[in-house]
Amino acid sequence: QRGGPITLAYKRRVNSGNFCLDKEQLSLSAALDSLYSSLTTSGERFVNIPDEHIETAARYYGGSSALSSENFAGMAVVTAHSLLIKTRGKMKGEERKGIYVHGSVGVGKSMLMDLFYSICADGLSIPEEGTDYNPIKRSHKRCHFHEFMLDVHQRIHAYKAMHPRSDPIPPVAAALAKEARLLCFDEMQITDIADAMIIKRLFTILLDLGVVIVTTANRPPCGLYEGGINRSIFLPFIDTLRERMMVFEMGGTHDYRRDGSLAPTSDSAAASLPSYLCPSTDPSSRVILEQWMVSKGAGEARSETIPVAMGRSLHVERANDSCGWFSFNELCKQPLGAADYIAIADRFDMIIVEDVPQLGGHTYNEARRFVTLIDALYEARTKLIIAAEVPRDDLFVGFDASVETHDGDEEIAIEGVLDKESFVIGEGGSSSS
């Protein structure tokens, strides 16, 4: 079969020799084709609420009692929309508004989501066939899930500062829906109780508002926030997600990122330098780290302070124009989070982390922060140089995925962390298979 634009674009990459044909990737391409078609077909099934009524709708779907002062026109539109989506859902089974893609690391989830997003944003032209696929008319946004949650927390904080007694979730959902009626996220994960409670309500309202969501994850929906405190409160959202989004499992296990090699991110003088050094106490490791520091960017080494979201800042003891140098303790023994690591990844093209210990159950919080750091660097394509106490394959030991954490947060998702580390330290291939 010829297929739609995502399938055609994927096959073009296969034919060009960039990819190997993968049945799982081909199946996901077909599912994304169907979603693209739904978004571009005249009279698309995902009915939009006009922007002028979106806030009223968000409060309505959020169960807010603050609706008495709303104008009758707005409520009439919202009520009609509610009845319409319920009727269409029951009659045609078309209430699903997006795709949740999960599977092992490196199987092509993010690559295909990005391909889908690029065609939705820019369209696709196939001159040899005289075929053009138009961009969708919906507003759209693509980001890493960490970045999305950071943005959500900032919006909630700003709203609560102005309206301390009001529920912030419906107006935040309304603002997001106004900005983008298609949201694409990479690597959805729920790691603490605050995010779990926010996502439960926020996503439900967004789906009710007609926002189409496409997200990738390493875990199936039933694995979200696994082991978390008060998870029973979160469980109804998992059912909502299954009902409202297509859940697509990529059953392959081959990690395409390990095929081939990355083009070096540094100059030729540093291209042959190792990116993972062990042991970190070896004098030769220090020499190589200094070589990396000198190779990456001009400017004298200095300390600096970089801005972090929500008005915070982070001190960097040693940096030049393109590289930041940190000890493991500075990054992972301090109470830092995704916002700090995103700021670091945005500021530097490369970071050096020295004195990385072996990470086990006794260093759970440090290990979790290290994973979050690698996520941020991976998304930003920031190169990572590591000097560790143990070989790379022995870095994580003793984690039991079935153990509930002491602080009630989700257990750390160790699977795939070292594969991402391979990417950011330049030992793996591209995640786009």
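1. Description of the overall build of the chain
Part 1 of the argument: A count of helices and strands for the chain gives 14 helices and 13 strands.
Part 2 of the argument: Look at the contacts in the chain between residues 6 or more apart in sequence, and 77% of them connect residues 24 or more apart.
Part 3 of the argument: Working note: accessible area of the chain is about 19200 Å², and carbon and sulfur atoms make up 51% of it.

2. Considering the sheet that holds strand 11 (residues 323-327)
Part 1 of the argument: If you walk across this open sheet you meet the 6 strands as 8-13-12-11-10-9, and the pairing is mixed. The two strands at the open ends of the sheet, each matched to only one other strand, are strand 8 (276-277) and strand 9 (302-308).
Part 2 of the argument: Sheet analysis places strand 8 next to strand 13 (residues 383-388), joined by 2 bridges and oriented parallel. Opposite tyrosine 276, over in strand 13, you have isoleucine 386 as the bridge partner.
Part 3 of the argument: Packing of helix 10 (residues 283-295) onto the sheet brings it into contact with strand 8, strand 10 (312-319), strand 11, strand 12 (350-356) and strand 13, and relative to strand 12 it is tilted by some 165 degrees.
Part 4 of the argument: Against the sheet, helix 12 (residues 338-347) touches strand 9, strand 10, strand 11 and strand 12, its axis set at about 120 degrees to strand 9.

3. Examining the sheet that holds strand 6 (residues 212-217)
Part 1 of the argument: The sheet built from 5 strands is open, its strands ordered 4-5-6-1-7 with parallel pairing. Edge strands, defined here as strands with exactly one partner in the open sheet, are strand 4 (140-144) and strand 7 (246-250). Strand after strand, the sheet turns through a mean of 10 degrees between neighbouring axes, direction not considered.

4. Details of the nonpolar core
Part 1 of the argument: Phe148, Met188 and Leu202 are the most contacted members of the largest nonpolar core, which totals 42 residues.
Part 2 of the argument: Broken down by secondary-structure element, the contributors of at least two residues to this core are helix 3 (54-61), helix 6 (145-162), helix 7 (169-179), strand 5 (182-186), helix 8 (193-208), strand 6 and helix 9 (231-244).
Part 3 of the argument: Looking at this core element by element, the count peaks at 8 residues for helix 8.

5. Focus: the packing of helix 1 (residues 5-15) against helix 2 (residues 23-40)
Part 1 of the argument: It is at 7 Å that the axes of helix 1 and helix 2 come closest, and there the two elements cross at 145 degrees. For the pair helix 1 and helix 2, contact is made by Pro5, Ile6, Thr7, Tyr10 and Lys11 and by Gln25, Leu26, Ser29, Ala30, Leu32, Asp33 and Tyr36, respectively.
Part 2 of the argument: Within the contact of helix 1 with helix 2, the residues separate by chemical class into 7 nonpolar, 3 polar and 2 charged.

6. Digging into the environment of alanine 217
Part 1 of the argument: You can see alanine 217 is positioned in strand 6.
Part 2 of the argument: In the structure, alanine 217 is positioned 112 residues away from valine 105 in sequence and 9.0 Å away in space, judged by C-alpha atoms.
Part 3 of the argument: What alanine 217 contacts, discounting residues up to four positions off in sequence, is Tyr100, Val101, His102, Gly103, Lys109 and Met188.

7. Regarding the side chain of arginine 244
Part 1 of the argument: Its location among the elements puts arginine 244 in helix 9.
Part 2 of the argument: Note on arginine 244: relative accessible area 13%, which makes it buried.
Part 3 of the argument: Only 3.4 Å separates the side chain of arginine 244 from the backbone oxygen of leucine 207, close enough to count as a polar contact.

8. Structural notes on the pattern of salt bridges
Part 1 of the argument: Tallied over the entire structure, the rule returns 20 salt bridges.
Part 2 of the argument: The salt bridge involving glutamate 354 is made with arginine 286; its shortest N-O contact spans 3.2 Å. With glutamate 354 in strand 12 and arginine 286 in helix 10, this pair connects stretches of sequence that are 68 residues apart.
Part 3 of the argument: A relative accessible area of 16% means that glutamate 354 is categorised as buried.
Part 4 of the argument: Here the salt bridges share partners, and the residues they tie into one network are Asp114, Arg142, Asp186 and Glu379.

9. What about helix 13 (residues 364-380)?
Part 1 of the argument: Over its 17 residues, helix 13 extends 25 Å from the first C-alpha to the last, a length consistent with the 24 Å expected when each residue adds 1.5 Å.
Part 2 of the argument: Count one or two residues on from helix 13 and you reach arginine 381, which has phi positive near 55 degrees.

10. Regarding the pairing of strand 6
A regular strand places its side chains so that they alternate between the two faces of the sheet.
Part 1 of the argument: Of all 6 residues making up strand 6, 6 are buried, and the element is well covered by its neighbours.
Part 2 of the argument: Residue alternation in strand 6 divides its side chains into two sets, Val212, Val214 and Thr216 and Ile213, Thr215 and Ala217, and both sets are buried.
Part 3 of the argument: Note that strand 1 (residues 98-103) and strand 6 share 5 bridges and pair parallel. Across the sheet, residue isoleucine 99 finds its bridge partner in strand 6, namely valine 214.
Part 4 of the argument: Pairing between strand 5 and strand 6: 4 bridges, direction parallel. Residue cysteine 184 lies in a different strand from strand 6, and its bridge partner there is valine 214.
Part 5 of the argument: With helix 8 bridging strand 5 and the parallel strand 6, this β-α-β connection has right-handed handedness.

11. Some details on the confidence of the model for the chain
Part 1 of the argument: For the chain, the mean per-residue pLDDT works out to 81, and 78% of the residues sit at or above 70.
Part 2 of the argument: Mean pLDDT per element in the chain: helix 14 (residues 417-424) is the minimum at 52, and helix 11 (residues 328-332) is the maximum at 96.
Part 3 of the argument: In this model residues 260-268 is a low-confidence stretch, pLDDT under 50, and it forms 15 contacts with partners more than four residues away in sequence or in other chains.
Part 4 of the argument: Contacts of residues 400-415 to residues separated by more than four positions or lying in other chains number 45 contacts, the stretch itself having pLDDT below 50.

Conventions and cut-offs
- Residues numbered from 1 in each chain as written.
- Predicted model: local features only at pLDDT ≥ 70, side-chain atom pairs only at ≥ 80, totals over all residues.
- Heavy atoms only, no water.
- Helix = DSSP H or I, 4+ residues; strand = E, 2+ residues; numbered from the N terminus.
- Contact = heavy atoms within 4.5 Å.
- Areas by Shrake-Rupley, 256 points an atom, 1.4 Å probe, with all protein chains shown as cover.
- Pairing = 2+ DSSP bridges.
- Axes fitted to C-alpha atoms, helices over the stretch in contact; angles between N-to-C directions.
- Core = buried A, V, L, I, M, F, W, Y, C linked by side-chain atoms within 4.5 Å.
- Buried < 20%, exposed > 50% of the residue type's maximum accessible area, 1.4 Å probe, protein only.
- Nonpolar A, V, L, I, M, F, W, Y, C, P; charged D, E, K, R; others polar.
- Polar contact = N/O pair within 3.5 Å; in protein donor to acceptor, adjacent residues only side chain to side chain.
- Salt bridge = Lys/Arg side-chain N within 4 Å of Asp/Glu carboxyl O.
- Expected span 1.5 Å × (residues − 1).
- Right-handed = clockwise from strand over helix to strand, strands pointing away.
- pLDDT = per-residue confidence, 0-100.

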